[in-house]
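# Descriptive analysis of the structure
Residue strings, one per chain:
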Amino acid sequence: EKFRPVWHEESGLPELDRLAQKYARVALSQTELNGRNLAPTLNGIVNKYGTKLHGIAMTKPDEMSAIKWDSVASTSWLSPSQYGDTIIWTGRELKRYPKKYKESARRQHRTLFTSNGFSAEAIAADDTLEILRLSIWSWLQQMEYLNKHQGTPIVTIEAEDPLEGNAQPTPEVVDTGPPQPGHELATRVIRDVAEIS
């Protein structure tokens, strides 16, 4: 019942169609094939077969909103602590500001932070806990928006501790930024965000 075959682009669209006909759930990580946007094809599969699609490693909000996903998985909420960028739900969309634009973005959205229970000073000072709280809150807002506008749940969190047993080990060397925060910090952030939501 929980089995999900994973479609890979090198298998081609006929294989995707075959999997969608045969299995109730199909997972995939690509939403393009040779530069072609697969959103219409994927939505057609959902409509035609009733297949539940699962997006693996989805990082772009546009990918999440354009396709009728049953569920998606993403660890992008961690990127502010890994790469120094800033993720903000603006009330209409999820914005991701790269590290080089974080200062201006954080100044621009100061009122949004404080009105939603965040410390604008802590965010400006690169406080990891506060930045991750903001990131998780922003992703939760995106999830709620997608669920409301697509009519079917995109993501649900069933466990009290969504990271229990799922934490990835922290790499010994990260050449693109500081190491990932540990399981304990992420769990605290999720619990803190749950309190303000």
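A brief report on the enclosed structure follows. If you're wondering where the values come from, they're calculated on a predicted model, not measured in any experiment.

### A word on the sheet that holds strand 2 (residues 25–28)
Pairing is parallel in the open sheet, where 4 strands are placed in the order 1-2-5-6. For this open sheet the edge positions go to strand 1 (6–7) and strand 6 (71–72), each flanked by a neighbour on one side alone.

### Details of helix 2 (residues 39–49)
Owing to its 3.6 residues per turn, the α-helix aligns residues three or four sequence positions apart on the same side. Considered for burial, the residues of helix 2 that qualify are Ala39, Leu42, Asn43, Ile45 and Val46. Along the long axis of helix 2, the arc covered by the buried residues comes to 150 degrees, so they all point the same way. Every exposed residue of helix 2 that faces more than 90 degrees away from the buried side is listed here: Pro40, Asn47 and Lys48. Elements that come into contact with the buried residues of helix 2 comprise helix 1 (13–22), strand 2, strand 4 (36–37), strand 5 (52–55) and helix 3 (61–66). Phi turns positive one or two residues past the end of helix 2, at Gly50, with a value near 75 degrees.

### Remarks on the pattern of salt bridges
Under the defined criterion, the tally for this structure stands at 7 salt bridges. One salt bridge in this structure joins Arg96 and Asp85, with 2.9 Å as the shortest N-O distance. In this pair, Arg96 sits in strand 8 (residues 94–97) while Asp85 sits in the loop between helix 4 (79–83) and strand 7 (86–89), placing the two residues 11 residues apart along the sequence. Taking relative accessible area as the criterion, Asp85 reaches 6% and is therefore assigned buried. Note that Arg106 is salt-bridged to Asp126, the shortest N-O span being 2.5 Å. One end of the pair, Arg106, is in helix 5 (residues 102–108); the other, Asp126, is in the loop between helix 7 (120–124) and helix 8 (128–150), and 20 residues separate them in sequence. Accessibility expressed as a relative area gives 6% for Arg106, which makes it buried. By relative accessible area, Asp126 is classed as partly exposed at 35%. One network of salt bridges, in which partners are shared, links Lys102, Arg106 and Asp126.

### Remarks on the packing of aromatic side chains
Here the structure, examined in full by the defined rule, presents 3 aromatic pairs. Between the aromatic rings of Trp89 and Tyr145, the centroid separation amounts to 5.5 Å while the plane-to-plane angle is 50 degrees, which identifies the pairing as tilted. Placement of the pair is Trp89 in strand 7 and Tyr145 in helix 8, with a sequence separation of 56 residues.

Conventions we followed
- Residues numbered from 1 in each chain as written.
- Predicted model: local features only at pLDDT ≥ 70, side-chain atom pairs only at ≥ 80, totals over all residues.
- Heavy atoms only, no water.
- Pairing = 2+ DSSP bridges.
- Helix = DSSP H or I, 4+ residues; strand = E, 2+ residues; numbered from the N terminus.
- Buried < 20%, exposed > 50% of the residue type's maximum accessible area, 1.4 Å probe, protein only.
- Arc of directions from axis to C-beta.
- Contact = heavy atoms within 4.5 Å.
- Salt bridge = Lys/Arg side-chain N within 4 Å of Asp/Glu carboxyl O.
- Phe/Tyr/Trp six-rings, centres within 6.5 Å; stacked < 30°, edge-to-face > 60°.

Taken by themselves, the reported measurements are silent on function.
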